[in-house]
Protein chains: 2
Amino acid sequence: MNKPADGTRRTPLSRERVLRAAVAFADAEGTDALSMRRLAQELGVVPMALYKHVANKDELLDGMVDLVVGEIGPPGEGGWQHVVRERILSARRTLRGHPWVARVVESRPAPTPALLGYLDSMAGLFRAGGFSVDLTHHAMHAMGSRLLGFSQELFDDTAAPPDPEVLAQLARAYPHIAELAGSAEHDAGSAVGGCDDQAEFEFALDLLLDGLERLRAGGRR
Amino acid sequence: MNKPADGTRRTPLSRERVLRAAVAFADAEGTDALSMRRLAQELGVVPMALYKHVANKDELLDGMVDLVVGEIGPPGEGGWQHVVRERILSARRTLRGHPWVARVVESRPAPTPALLGYLDSMAGLFRAGGFSVDLTHHAMHAMGSRLLGFSQELFDDTAAPPDPEVLAQLARAYPHIAELAGSAEHDAGSAVGGCDDQAEFEFALDLLLDGLERLRAGGRR
DNA sequence: ACCTGAACACCGTTCAAGT
DNA sequence: ACCTGAACACCGTTCAAGT
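Here is what the cut-offs are and how they apply
- Residues numbered from 1 in each chain as written.
- Chains lettered and ligands numbered in written order.
- Predicted model: local features only at pLDDT ≥ 70, side-chain atom pairs only at ≥ 80, totals over all residues.
- Heavy atoms only, no water.
- Least-squares fit on C-alpha atoms with pLDDT ≥ 70 in both.
- Contact = heavy atoms within 4.5 Å.
- Salt bridge = Lys/Arg side-chain N within 4 Å of Asp/Glu carboxyl O.
- Helix = DSSP H or I, 4+ residues; strand = E, 2+ residues; numbered from the N terminus.
- Buried < 20%, exposed > 50% of the residue type's maximum accessible area, 1.4 Å probe, protein only.
- Near = heavy atom within 4 Å.
- Polar contact = N/O pair within 3.5 Å; in protein donor to acceptor, adjacent residues only side chain to side chain.
- Nonpolar A, V, L, I, M, F, W, Y, C, P; charged D, E, K, R; others polar.
- Domains from an automatic or database assignment.
- Buried area = accessible area lost by both parts, 1.4 Å probe.
- Patch = residues over 30% accessible without salt bridge, like charges linked within 9 Å, V, L, I, M, F, W, Y side chains within 5 Å.
- Areas by Shrake-Rupley, 256 points an atom, 1.4 Å probe, with all protein chains shown as cover.

It takes a turn of 180° to lay chain A on chain B, together with a shift of 0.0 Å along the axis; the resulting RMSD is 0.0 Å. The transformation relating the two chain copies, once decomposed into turn and shift, fits a two-fold axis. Looking at the interface residues of chain A, 100% of them are also at the interface in chain B, so both copies use one shared face.

This brings us to the pattern of salt bridges. Residues and elements named next belong to chain A. Throughout the structure, instances matching the rule amount to 22 salt bridges over all chains. Arg15 serves as the salt-bridge partner of Glu59, at 2.9 Å between the closest nitrogen and oxygen. Of this pair, Glu59 sits in helix 3 (residues 57–69) while Arg15 sits in helix 1 (residues 15–29), placing them 44 residues apart in sequence. Given the relative accessible area of 29%, Glu59 is considered partly exposed.

On to the protein's contact with DNA strand C. Contacts to DNA strand C come from Ser35, Met36, Arg37, Arg38, Met48, Tyr51, Asn56 and Lys57 of chain A together with Arg37, Val46, Met48 and Lys52 of chain B. In DNA strand C, atoms within 4 Å of the protein come 50% from sugar and phosphate. In the environment of DNA strand C, a phosphate oxygen lies 3.0 Å from a nitrogen or oxygen atom belonging to the backbone of Met36 of chain A. A distance of 3.0 Å separates a phosphate oxygen of DNA strand C from a polar atom in the backbone of Lys57 of chain A. Among the elements that take part in the surface near DNA strand C, helix 2 (residues 36–42) of chain A stands out by supplying three residues, more than any other. A class-by-class count of the residues in the surface near DNA strand C yields five nonpolar, two polar and five charged.

Moving on: the protein's contact with DNA strand D. All residues adjacent to DNA strand D are Arg37, Val46, Met48 and Lys52 of chain A together with Ser35, Met36, Arg37, Arg38, Met48, Tyr51, Asn56 and Lys57 of chain B. For DNA strand D, the backbone portion of the atoms within 4 Å of the protein, that is sugar and phosphate, comes to 50%. At a separation of 3.1 Å, a phosphate oxygen of DNA strand D approaches a polar side-chain atom of Ser35 of chain B. Interatomic distance of 3.0 Å between a backbone N/O atom of Met36 of chain B and a phosphate oxygen of DNA strand D.

With that settled, the discussion passes to the domain arrangement of chain A. Residue and element names in this part refer to chain A. The assigned domain composition of chain A is domain 1 (15–54) and domain 2 (69–154 + 195–217). In this structure, domain 1 and domain 2 have C-alpha centres spaced 29 Å apart. Of the residues lining the interface, five residues belong to domain 1; the matching set on domain 2 comes to five residues. Taking both sides of the interface into account, the surface hidden between domain 1 and domain 2 amounts to around 400 Å²; carbon and sulfur atoms contribute 56%. When the buried surface of domain 1 facing domain 2 is broken down by residue, Val23, Asp27 and Thr31 rank first, second and third, together holding 74% of it. At the surface where domain 1 touches domain 2, the tally comes to one salt bridge. For the salt bridge of Glu71 with Arg20, the shortest nitrogen-to-oxygen distance reads 3.8 Å. One can count two residue pairs in polar contact (both at pLDDT 80 or more) joining domain 1 with domain 2. Class assignment for the residues of the side of domain 1 that touches domain 2 results in two nonpolar, one polar and two charged.

Here we come to a nonpolar patch on the surface. All names here are of chain A. On the surface, Val46, Met48 and Tyr51 cluster together to form a nonpolar patch covering roughly 310 Å² of accessible area. Inspection of the secondary structure assignment puts Tyr51 in the loop between helix 2 and helix 3. Accessibility expressed as a relative area gives 37% for Tyr51, which makes it partly exposed.

Put into C-alpha cells, the structure is as follows:
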C-alpha cells in the first residue's frame, strides 16, 4: 500500500502533510465526515500510519486549528480601534474558507499555541491603545469568539427556506421574526430569509468597539 | 426486558420520558457520552425501543433543547433595556445546569419551536421598546447566542491550570495574556486563572444594550 | 401488528503478529 | 526495529425473523 503499482515511493507522510490533508478534507466535507480512517484512505495509507504523526484525533483537531489560525496575518498600523477592527476582519477572511474552525475551537478544552499567540497579540493591541489591564481583560471577554471573526449566531440560517405553506404557518406562529425576515435588510442579502452576514458582523463589531472606546476615553480602570 | 423480575410492568416509555432521561444524562455525563444505546440502557430498554418516540438522534437532540429552552420564564415588566436584560439573565440561569445546550444549539441546522418562540418574544420586546424593524433585526444578530445567555468564550477556561513551571513558560511566551491572568479581576473570581464568568457576561451584555439604546434614542432607522 | 435480536457499516484505538 | 492486519469496544440505524 505504500508502494503504488508503478513502483515509485509515495511522498512520505509527515505531520504537516497529515494536517494539510485533514484541513482540505474538512473544508470539502465538513468535520462530521472527517475520521481517522477516511483521512488515512485519502492519503493512501493504512489508518494506523497516522498515529505516528498525531497522538490521537484530538491532537489532529488541535493541529488543524493551529495550522489555520497561524495563517492570520500580523496587525497593521494606526489607532487602536482601526487596527483591532481590521485585524478581526482579516481573521474572518482567513477563516472564511474553513467554516468548521468555529465549532472545533469551541469544542476543545485548551487553546492551541497559534491561538494563544493571536490572543496575546490582540491583548497587546488594546494595551498599546491605552487600555488598562482590567479594561483589556473585560474587552477580551466581551469580544469572545468575535476576536476570530466568528458570527456567534444561534443557528445557521443559510439553509434553504421551506416551502411557502410552511413558511406562512411559521409567520403566523412567530410574527415578530416574520417581520424581521421581511425587512429590506434581508432582501439585500440574498434570497428571502438570507441575511448579509458580513454587514451584521460589522454592525455588532462596531457596537462593541465604540462602547469600549467610550469606556477607555472615560478613563475606566 | 420490559418485565422486571418481580413481574410488575415498568412505567411505559413516552417521548417526554425519553427526553427527560436524555437531559438528565447529558447534565450528568455530557453529550459526548450520550448515545442511543447508553440512553436505552439507562431506561432499562432495548435500543430500538427509543426509535418509536424519536425518529433518530438528531430529533432527540432537538427535543432535548426544546425541553430546556421551554423552561425559560416569560419576560417581566418595565423599560425595554431592563426587561431584555433580566430575561437574558433568566435564560442564563435556566440553562446554567445544562452546559451542553450551547454546543447542541449551535450544531443544529434549524431552531426548535421553543427556541423560535423565545426569539420571537425577544424580538417583540425590542419592537415594544421603540426599536424600528431594521434596528431590531440588527440587535438580534448583534446579540446572537448571547440572547440565551451563552458566554461566547473561545474556549473553556474553567479547566485546572497546569503546573507552575509550564505556567511560567507560558507567561514568557504570551506576556499580555499573563498580564491579564495576573489582574485583580481574576483573583476575585476563584483560583489563579479563573474568571468571574457572570461578571464578564454582564459587562459584555451591558456594553451591547447601552450601545443599542444609544442607537434607538438617536432615531437610527 | 408489534417487538426486538442480529446485522450492517461504520468509529477511535490497542496490540500482537509478521517482516 | 518497524509496520500493519486483526481485534476490541464501541456507534446509529436497518431489517428480517419471531411472537
